[in-house]
Amino acid sequence: QSLNYLQYQLGLRSGFFAFRTPALEMNALLDEDSLKPNWFFALPGKSRLARVAASGVPACLSEANRILEGQMAYFGGEWRPLTLAPEKDPQHWTHYERGSARANLKDIKYAWEPARFNWAVALAKAYYFSPDDKYARAFWQNYAEFRLANPANRGLNWTSSQEVALRLIALTICAHVFRDAPSSTPENLAALSINIADHAGRIPPTLCYARAQNNNHLLSEAVGLYTAALFLPAHPDSPRWRKLGLRLFNEGVLVQVADDGTYIQHSTNYHRLMLHLALWAQAIAQKESAALPDASLQRLQAATRWLLAQLDPLSGRVPNLGHNDGANILPLAAVGQTDFRPVAQAAARAFLGQACLPP
């Protein structure tokens, strides 16, 4: 890990990473066929899901309507203005990492949290249940603001490849849900494909940092690459993204999840993040008629059982063990950030083959 971190610092200080990640939309130069999306994510039937989730739909719409007013719940809690432009003149991301540029923020997570696009997933859920184009328009307007204020490889929101990967996953979800909305013009969808490819291209050069961390950074970046490979299968780098993403994800699971299911970060919140990434990776594998290796699945089964042993099935709460920054990277359920029942039920179905909670 120390050697990996040394490699990262050498790449920063030599200018190699700046060369490998130019502040340009390189993928805009590709032909249209290379950026054609693969719509792999099939949404469940609306009538069935609306019936199952009926009790949660009003809260879902209420959250989305508040986002329309320019606010979001930071870290699953406090509502604050939705700020997508943390700097007026963003520099290349390497300048911040080297210290030659400084952000006017006490905590960079306040820039990263809205840039994870959880608010966009909330708008997507609202559009799914109530197909009012105002939710899609709000997504595209805010996305355009983000893209203008955070050009490829420039600004705080490109400093961390993990943040780039988590945003890539959220953008892919939103692309599928908003695909047929009136405001989802061909131009909007084409620009989103270019941007997703730019996100994927940011990840490989600095994987040495993720390896040095040996935690959720590596898993996030691996799943981000795998997602981009499936969404943009005709992209010239897609085969490399897929191979690299799958290999690093499976290696990461075997190193980071113990035989008894304990996660390396000793945090219930990051345990959920790991399971979310695993669920998304497995869903992608199923879409291409593949499967995760048995060794990885055995660790994920153990990790699921570990979480179930901590879970209060009535409230959905778990002990507030270890670091907790409110991360909830797949906010697809109609419950709050502290309720772990959605990930427990999904992981039990996916990795144990049976539900762990009542319907």
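Above this note sits the structure.
Just so it is clear, the structure is predicted and the values come from calculations on it, not from any experiment.

A. Highlighting the overall build of the protein. For the protein, the count of helices and strands is 16 helices and two strands. Expected size for 359 residues packed as a compact globule is a radius of gyration near 21 Å; at 20 Å, the protein falls within 12% of this value. With respect to the principal axes defined by its C-alpha atoms, the protein has extents near 55 × 45 × 40 Å. Counting every position in the protein, which comprises 359 residues, the buried fraction comes to 53%. Across the protein, contacts joining residues at least 24 apart in sequence account for 79% of those joining residues at least 6 apart. A total accessible area of about 16200 Å² is found for the protein, and carbon and sulfur atoms account for 52% of it. When the 34 basic and 29 acidic side-chain charges of the protein are each reduced to a single mean position, those positions are 3 Å apart.

B. Broad picture of the packing of helix H9 (residues 161–177) against helix H10 (residues 186–202). At a minimum axis distance of 9 Å, the contact between H9 and H10 shows a crossing angle of 155°. By the criterion of interaxial angle, the relationship of H9 to H10 is roughly antiparallel. In the packing of H9 onto H10, the handedness of the crossing is left-handed. From H9, Ser 161, Val 164, Arg 167, Leu 168, Leu 171, Thr 172 and Ala 175 reach across to H10, where they touch Leu 192, Asn 195, Ile 196, His 199, Ala 200 and Arg 202.

C. Just the pattern of salt bridges, in detail. Considering all chains together, one arrives at eight salt bridges under this definition. The residue Arg 247 makes a salt bridge to Glu 251 at a minimum N-O spacing of 3.4 Å. Taken together, the positions of Arg 247 and Glu 251, both in helix H13 (residues 238–256) and four residues apart, correspond to about one turn of that helix. Note on Glu 251: relative accessible area 39%, which makes it partly exposed. One salt bridge connects Arg 341 with Asp 339, and the closest N-O pair in it is separated by 2.6 Å. Of the residues examined, Asp 339 reaches a relative accessible area of 9% and is grouped as buried.

D. Representation of the side chain of Glu 87. Its location among the elements puts Glu 87 in the loop between strand S2 (79–81) and helix H5 (93–98). An unpaired buried charge is present at Glu 87: no salt bridge exists, and Arg 154, the closest side chain of opposite charge, is 8.9 Å distant. Filtering out sequence-adjacent residues up to four positions away, Glu 87 remains in contact with Tyr 96, Gly 155 and Leu 156.

E. Broad picture of the nonpolar core. Within the largest apolar cluster, 102 residues are counted, with the highest numbers of intra-cluster contacts made by Phe 117, Trp 119, Leu 123, Phe 139 and Phe 249. Ignoring any residue separated from it by four or fewer positions in sequence, one finds Leu 123 in contact with Ala 64, Ile 67, Leu 68, Tyr 135, Ala 138, Phe 139 and Phe 178.

F. Examining the packing of aromatic side chains more closely. One pass over the structure, following the stated rule, counts 20 aromatic pairs. A ring pair is formed by Tyr 5 and Tyr 8, whose centres lie 6.4 Å apart and whose planes are at 35°; its orientation type is tilted. Of this pair, Tyr 5 and Tyr 8 both sit in helix H1 (residues 2–14), three residues apart, which is roughly one turn of that helix. When its relative accessible area of 41% is taken as the criterion, Tyr 5 is described as partly exposed. Looking at Tyr 8, the relative accessible area reads 3%, which means it is buried. Seen in terms of ring centroids, Trp 39 and Phe 231 are 5.6 Å apart; in terms of plane orientation they differ by 80°. Their pairing is edge-to-face. Taken together, the residues span a long stretch of sequence, with Trp 39 in the loop between helix H2 (16–20) and helix H3 (46–52) and Phe 231 in helix H12 (residues 216–231) at a distance of 192 residues. Exposure remark for Phe 231: the relative accessible area of 1% places this residue in the buried category. The rings of Tyr 5, Tyr 8, Phe 16, Phe 17, Trp 93 and Tyr 209 are connected pair by pair, giving a single aromatic cluster.

Conventions used here
Residues numbered from 1 in each chain as written. Predicted model: local features only at pLDDT ≥ 70, side-chain atom pairs only at ≥ 80, totals over all residues. Heavy atoms only, no water. Helix = DSSP H or I, 4+ residues; strand = E, 2+ residues; numbered from the N terminus. Rg over C-alpha atoms; globule rule 2.2 N^0.38 Å. Buried < 20%, exposed > 50% of the residue type's maximum accessible area, 1.4 Å probe, protein only. Contact = heavy atoms within 4.5 Å. Areas by Shrake-Rupley, 256 points an atom, 1.4 Å probe, with all protein chains shown as cover. Lys, Arg positive; Asp, Glu negative; His and termini not counted. Charge placed at Lys NZ, Arg CZ, Asp CG, Glu CD. Axes fitted to C-alpha atoms, helices over the stretch in contact; angles between N-to-C directions. Parallel < 35°, antiparallel > 145°, perpendicular 65-115°, else oblique. Left-handed = near helix turned anticlockwise from the far one by under 90°. Salt bridge = Lys/Arg side-chain N within 4 Å of Asp/Glu carboxyl O. Core = buried A, V, L, I, M, F, W, Y, C linked by side-chain atoms within 4.5 Å. Phe/Tyr/Trp six-rings, centres within 6.5 Å; stacked < 30°, edge-to-face > 60°.

Read these as spatial facts, not as claims about activity.
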